[in-house]
Amino acid sequence: MSRSFLGWPAFPEAAAREVGNRQLRENVRRATHTIRGKRAVLAAERPDWEQLRDSAAAIKDRVLAGLEGYLLQVEEKVTAAGGTVHWARDAAEANRIVTDLVRATGEREIVKVKSMLTEEIGLDAALEAAGINARETDLAATIVQLGDDLPSHVVVPALHRNRSEIRDIFAREMGRHGRPAPEGLTDDPAELAEAARLHLREKFLGAKVAVSGANFVVAETGTLVVVESEGNGRMCLTLADTLISVVGIEKTVPRWQDLEVLLQLLARNATGERMAPYTSTWTGTVDGDGPRDFHLVLVDNGRTRALADPVGRQALRCIRCGACMNTCPVYERTGGHAYGSVYPGPIGAILNPLLRGLDDPQTASLPYASTLCGACNEVCPVRIRFTDVLLDLRAQVADGGRHPVERVALNTVGAAMQRPLLWKAAVKGAGLLGPLLPARTPVPGWTDNRALPDVPGESFRTWWKRNEGERA
Ligand code: SF4
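None of these values were measured; they are calculated from a predicted model. For every chain, the first residue of the written sequence is number 1, and numbering continues from 1 along that sequence. Confidence filtering applies because this is a predicted model: local features only for residues at pLDDT of at least 70, side-chain atom pairs given and counted only at 80 or more, and all residues used for totals across whole chains, interfaces and linings. Hydrogens and water are ignored here; the side-chain numbers use all heavy atoms of the structure.

S.K.: Just to check I follow, could you spell out a nonpolar patch on the surface for this structure?
M.R.: Patch definition: residues above 30% relative accessible area lacking any salt bridge, with like charges linked at up to 9 Å and the nonpolar side chains Val, Leu, Ile, Met, Phe, Trp and Tyr linked at up to 5 Å. Note on areas: Shrake-Rupley, 1.4 Å probe, and residue coverage restricted to the protein chains presented here. Salt bridge, as applied in this entry: a Lys or Arg side-chain nitrogen positioned within 4 Å of an Asp or Glu carboxyl oxygen. A contiguous nonpolar patch, built from V413, M417 and W423 and spanning about 270 Å² of accessible area, is present on the exposed surface. With respect to the helices and strands, the residue M417 is situated in helix α20 (residues 404-417). Strands here mean DSSP runs of E at least two residues long; helices mean DSSP runs of H or I at least four residues long; both are numbered from the N terminus.

S.K.: Which parts of the structure should I look at to understand the site of the ligand?
M.R.: What surrounds the ligand is a group of 13 residues, the closest being C318, C321, G322, C324 and C380. A breakdown of the residues in the shell around the ligand according to their chemical character gives 11 nonpolar, 1 polar and 1 charged. Neighbouring residues are identified by heavy atoms, a residue being near a molecule or strand if any of them is within 4 Å of it. Gly is put with the polar residues, along with every residue not named as nonpolar or charged; the nonpolar set is Ala, Val, Leu, Ile, Met, Phe, Trp, Tyr, Cys and Pro, and the charged set is Asp, Glu, Lys and Arg.

S.K.: Help me out: how do you make sense of a positive patch on the surface in this one?
M.R.: A surface patch of positive charge is lined by K424, K428, R461 and K465. At the level of elements, α21 (420-433) and α22 (460-471) are the ones that each hand at least two residues to the positive patch. Summarising the element assignment, K424 is placed in helix α21. The cut-offs for exposure are 20% and 50% of the maximum accessible area for each residue type, with area from a 1.4 Å probe on protein chains only; residues under the lower value are buried, those over the upper are exposed, and the others partly exposed. On the basis of relative accessibility, which here comes to 57%, the residue K424 falls in the exposed class. Charge counting treats Lys and Arg as positive and Asp and Glu as negative, with His and both chain ends excluded. Here the site of a charge means atom NZ of a Lys, CZ of an Arg, CG of an Asp or CD of a Glu.

S.K.: Which parts of the structure should I look at to understand the nonpolar core?
M.R.: Across soluble globular proteins, nonpolar side chains have a tendency to be buried as a group. Residues belong to one nonpolar core when they are buried, are Ala, Val, Leu, Ile, Met, Phe, Trp, Tyr or Cys, and are joined through side-chain atoms within 4.5 Å. In this structure, L296, I347, I350 and F386 are the most contacted members of the largest nonpolar core, which totals 97 residues. For this core, the element with the most residues is helix α12 (residues 256-270), which contributes 7 residues. Discounting chain neighbours no more than four positions away, the residues touching L296 are V74, V78, T84, V85, H86, L224, S245 and V247. Core analysis: the second largest hydrophobic core is formed by 21 residues, I97, V98, I110 and I121 among them. Two residues qualify as a contact provided that any one of their heavy atoms is within 4.5 Å of a heavy atom in the partner residue.

S.K.: Looking at this structure, I do not really get the environment of V246. What am I missing?
M.R.: Within the fold, V246 resides in strand β7 (residues 242-248). Assessed through its relative accessible area of 1%, V246 is described here as buried. Measuring from C-alpha to C-alpha, the distance between V246 and V98 comes to 8.3 Å, with 148 residues separating the pair along the chain. Once residues within four sequence positions are removed from consideration, V246 is found in contact with V98, L117, T118, I121, V211, S212, G213, A214, V297 and V299.

S.K.: Just checking my understanding: could you explain helix α8 (residues 139-146) for this structure?
M.R.: Owing to its 3.6 residues per turn, the α-helix aligns residues three or four sequence positions apart on the same side. With 6 of 8 residues buried, α8 lies mostly within the body of the structure. Next to the buried residues of α8 lie β3 (133-136), α9 (163-173) and α10 (189-206).

S.K.: Hey, could you run me through helix α5 (residues 91-105) in this one?
M.R.: In this scheme, a helix's expected span is set at 1.5 Å multiplied by one less than its residue total. Here α5 spans 22 Å end to end across 15 residues, near enough to the 21 Å set by a 1.5 Å rise per residue. Contacts from the buried residues of α5 go to β1 (84-88), β2 (109-112), α7 (123-129), β4 (209-212), β7 and β10 (293-299). G106 lies just past α5 and shows a positive phi near 80°.

S.K.: How should I be thinking about the sheet that holds strand β6 (residues 223-228) in this particular structure?
M.R.: Two strands in a sheet stick together by hydrogen bonds in their backbones, pointing the same way (parallel) or opposite ways (antiparallel). Strand order in this open sheet of 4 strands is β8-β5-β6-β9, and the pairing throughout is mixed. At either end of the open sheet lies a strand with only one pairing partner, and these are β8 (252-253) and β9 (278-282). Paired strands are those between which DSSP finds at least two bridges. Bridging between strand β5 (residues 216-218) and β6 involves 3 bridges; their strand directions are antiparallel. Residue V218 lies in a different strand from β6, and its bridge partner there is T223. Against the sheet, helix α11 (residues 232-239) makes contact with β6 and β9, and its axis sits at roughly 20° relative to β9, the strand it touches most. Relative to β5, α12 is tilted by about 165°, and along the sheet it contacts β5, β6, β8 and β9. Helix axes are fitted only over the stretch in contact, all axes being lines through C-alpha atoms; the angle between N-to-C directions runs from 0 to 180 degrees.

S.K.: Help me understand the packing of aromatic side chains in this model?
M.R.: For any pair of aromatic rings, the description consists of the separation of the ring centres together with the inter-plane angle of the planes. Centre distance within 6.5 Å is the pairing criterion for rings of Phe, Tyr and Trp, where only the six-membered ring of Trp is used; planes under 30 degrees apart are then read as stacked, over 60 as edge-to-face, and the remainder as tilted. Under the counting rule described, the total for this entry stands at 7 aromatic pairs. Ring centres of F460 and W463 lie 5.8 Å apart, and the angle between their planes is 20°; this geometry places the pair in the stacked category. On the criterion of helical spacing, the pair formed by F460 and W463 is a turn pair, its members being 3 residues apart in helix α22. The interplanar angle of 35° and the centroid separation of 6.0 Å between the aromatic rings of F460 and W464 together place this pair among those described as tilted.

S.K.: How do you make sense of the pattern of salt bridges when you look at a structure like this?
M.R.: Oppositely charged side chains are able to pair whenever their charged atoms sit close together. The final tally for this structure, using the stated rule, is 32 salt bridges. One salt bridge connects R303 with E120, and the closest N-O pair in it is separated by 2.8 Å. Of this pair, R303 sits in helix α13 (residues 303-307) while E120 sits in helix α6 (residues 116-120), and the two are 183 residues apart along the sequence. With a shortest N-O distance of 2.6 Å, R176 and E173 are connected by a salt bridge. With a relative accessible area of 62%, R176 lands in the exposed category.

S.K.: Even after reading the chapter, I still don't get the environment of Q264, so can you show me in this structure?
M.R.: Take Q264: it is sitting in helix α12. Q264 gets classed as buried once you look at its relative accessible area, which sits at 17%. Q264 sits 11 residues away from M275 along the chain, and the two C-alpha atoms are 6.6 Å apart. Beyond its immediate sequence surroundings of up to four residues, Q264 is in contact with R46, L52 and L259.

S.K.: How do you make sense of unusual backbone geometry when you look at a structure like this?
M.R.: What you tend to see is this: most non-glycine residues have negative phi, and most peptide bonds are trans. Positive phi values are uncommon outside glycine, yet D148 reaches one of about 50°. Within the element layout of this structure, D148 appears in the loop between α8 and α9. D148 sits in the partly exposed class, given a relative accessible area of 44%. In this model, L372 sits at a positive phi of 60°, which is unusual for a non-glycine residue. With respect to the element layout, L372 can be found in the loop between α17 (361-365) and α18 (375-379). Looking at L372, the relative accessible area reads 31%, which means it is partly exposed.

S.K.: Sorry if this is basic, but what is going on with the sheet that holds β3 here?
M.R.: The strand order across the open sheet formed by 6 strands is β1-β10-β7-β4-β2-β3, and the pairing between neighbours is parallel. Edge positions in the open sheet fall to β1 and β3, since each of these has one partner strand only. Averaged over all adjacent pairs, the angle separating strand axes in this sheet is 25°, with direction ignored. With 4 bridges joining them, β2 and β3 adopt parallel strand pairing. By the bridge assignment for β3, E109 is matched with N133.

Written out as structure tokens, the structure is:
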């Protein structure tokens, strides 16, 4: 059975486990530093970089403000071009639609183009339960699938693996799922790529059904866009008889013109390239060219819930470039699995709670998976203000009755601060009692990994008076 993040522990527990893995930390550090270095060079060469970011944010905000109208336009255009549009409220509905569509073809093995949404809804497991084997074709997604692993990054799902781990996975697993890895495979990148190419080529050529996501859906023509680096997407999108594209409703953009802005930002932020090697677009079906049958499954799965959050809705601008996680000090140390979702890092810390709500202790823990340093604010191509959303989500968690001890403590401090005499006495008392306080508090969490700071013997006001008085 495909692995999933179902029942994953809350962030502190999962992170504590991951930070103990030195190899993982080394793999993540090396990979994120490489990508962010390349990104920084390419961002710096564009004099209009900041204007591009402003335009991208404005495009996505326009989409979110008029989402219903754009989606209806997509449905009309895709249908007119020979495709069929399906609407899915949640993961279960989306999985049922796709499973029924594949079943109707009679096929038992299908190929997939890397799609975070199909990971989000657990499509592989649903297909597997129906006796359908879905094979990933993106190199990193293939590594994750062969290793019975989980993705840890939105652009490079196997970022937590190094070359020798990949070699071991290929040597051990490829033969169980098709063409085996060549004898004596080493961890040379060219050899690993060739082994994957040979293994996957059999899959492309044999598959009659492909499942994809999409980076964008252009409303004015009903055109889908997939951006990728390996050409596996192009093979799946053109060779299969039936193509099923499973797409989140927020992926809509109004016009082709908007792609000019978004594609430039996506490639430079995601992989540090001026342009992605493969950008495939398709509109419905065309006689004698490409799939004969095309289905577009538009998925909500919490997106309208996120849209209803006045501060958090900006998370739906995300174009999944991965730049926020590549720059995040927390992600660098914990890796992606600690977030318990296919969306890790800063975007995961805000998007998962917005999509799934804060009732679950796992999602409620995510807004705290941040130092609030704001590095993610600086790189996001669609100008998501992570720190604003994180603080708002933390307030929602607290308002929901979690962290009662902190709430009582802050209410007490707040009440004292409104009464100057009481506050003065409290500050004086704290100065006197400070040296007697233990380095650790009995409150769980606060001093597990840090000591209480020393309480100064006198307040700032007293210090100021004393020093100003001496100067006068
Ligand atoms: S939130 Fe911004 S930086 Fe992070 S993946 Fe999405 S678009 Fe990229």
